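The residues making up each chain are set out below.
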Amino acid sequence: MFDWNRSCSYDEQQKRRFHTIARSRLKKLAAQLNLPQGSFDLRSNKAGIAVSGEITLHHHRAYIQVGQFGLSSGHGILIRTCKGRKDYVGGANHFVALDMLDDIPALAAAVRAVTGVGRGASPSSEQRAA
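Residues numbered from 1 in each chain as written. Predicted model: local features only at pLDDT ≥ 70, side-chain atom pairs only at ≥ 80, totals over all residues. Heavy atoms only, no water.

### Remarks on the overall build of the protein chain
- Helix and strand content of the protein chain: 3 helices and 5 strands.
- Out of the 130 residues belonging to the protein chain, those deemed buried represent 45%.
- Partitioning the contacts of the protein chain with sequence separation of at least 6, the portion at a separation of at least 24 is 51%.
- When the accessible area of the protein chain is evaluated, it comes to approximately 6,600 Å², of which 51% is carbon and sulfur surface. (Helix = DSSP H or I, 4+ residues; strand = E, 2+ residues; numbered from the N terminus. Buried < 20%, exposed > 50% of the residue type's maximum accessible area, 1.4 Å probe, protein only. Contact = heavy atoms within 4.5 Å. Areas by Shrake-Rupley, 256 points an atom, 1.4 Å probe, with all protein chains shown as cover.)

This is the structure in C-alpha cells:
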C-alpha cells in the first residue's frame, strides 16, 4: 500500500510514485463514475522540488485535484463543481483525505455527493451533457 502522507518534498522518487499512482487512481475514479473517455482531462503538474505538485481530473461538471497541500489536516483531495473544462475556479472547495485514493468506491461517493456527477447517469447521458 502506498503511503500517501509521506512527504514528496525533496524526494524525487516519492514524488514520481505519488504522481504515477494518483493518476492511476483518478483513472479508476473516472471509470467508477462512468465518465466516458474524452469527457475529462487528466493532468499532472509536478511543480517545484519543495512540494508534491498536483494531479487533476477535470470533467465538465467536476474538478478533483490530488496533492499534499493539506498534510497537517489529513486532507489532500479537493472536490468541487465547475462549469466546463475551462473553469479553473469552480464552486466551493470540499476536501477529503488522501487515503480515500485507496477506496475508489468511497471516493466516487464523495464526488457524487459534492458534484452530482455519476449519480444515476449512464455513460451515454454524461457524454450527451458534454
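Right, picking up where we left off after that structure.
### Observations concerning the packing of aromatic side chains
- On inspection of all chains with the given rule, the structure shows 4 aromatic pairs.
- For the pair Phe2 and Phe18, a centre-to-centre distance of 6.4 Å together with 50° between the ring planes defines the contact as tilted. On the criterion of sequence distance, the pair formed by Phe2 in the segment before helix H1 (12-32) and Phe18 in helix H1 is long-range, its members being 16 residues apart. Note on accessibility: Phe2 and Phe18 belong to one class, buried.
- Joined through ring pairs, the aromatic side chains of Phe2, Trp4 and Phe18 make up one cluster. (Phe/Tyr/Trp six-rings, centres within 6.5 Å; stacked < 30°, edge-to-face > 60°.)

### Focus: the environment of His75
- The residue His75 is located in strand S4 (residues 75-81) in this model.
- For the pair His75 and Phe95, spaced 20 residues apart in sequence, the C-alpha separation works out to 6.0 Å.

### Points about H1
- The terminal C-alpha atoms of H1, which comprises 21 residues, lie 30 Å apart, in line with the 30 Å expected from a rise of 1.5 Å per residue.
- Along H1, the positions that sit buried rather than exposed are Gln14, Lys15, Phe18, His19, Ile21, Ala22, Arg25, Leu26, Leu29 and Ala30.
- Looking one or two residues beyond H1, the residue adopting positive phi is Asn34, at roughly 60°. (Expected span 1.5 Å × (residues − 1).)

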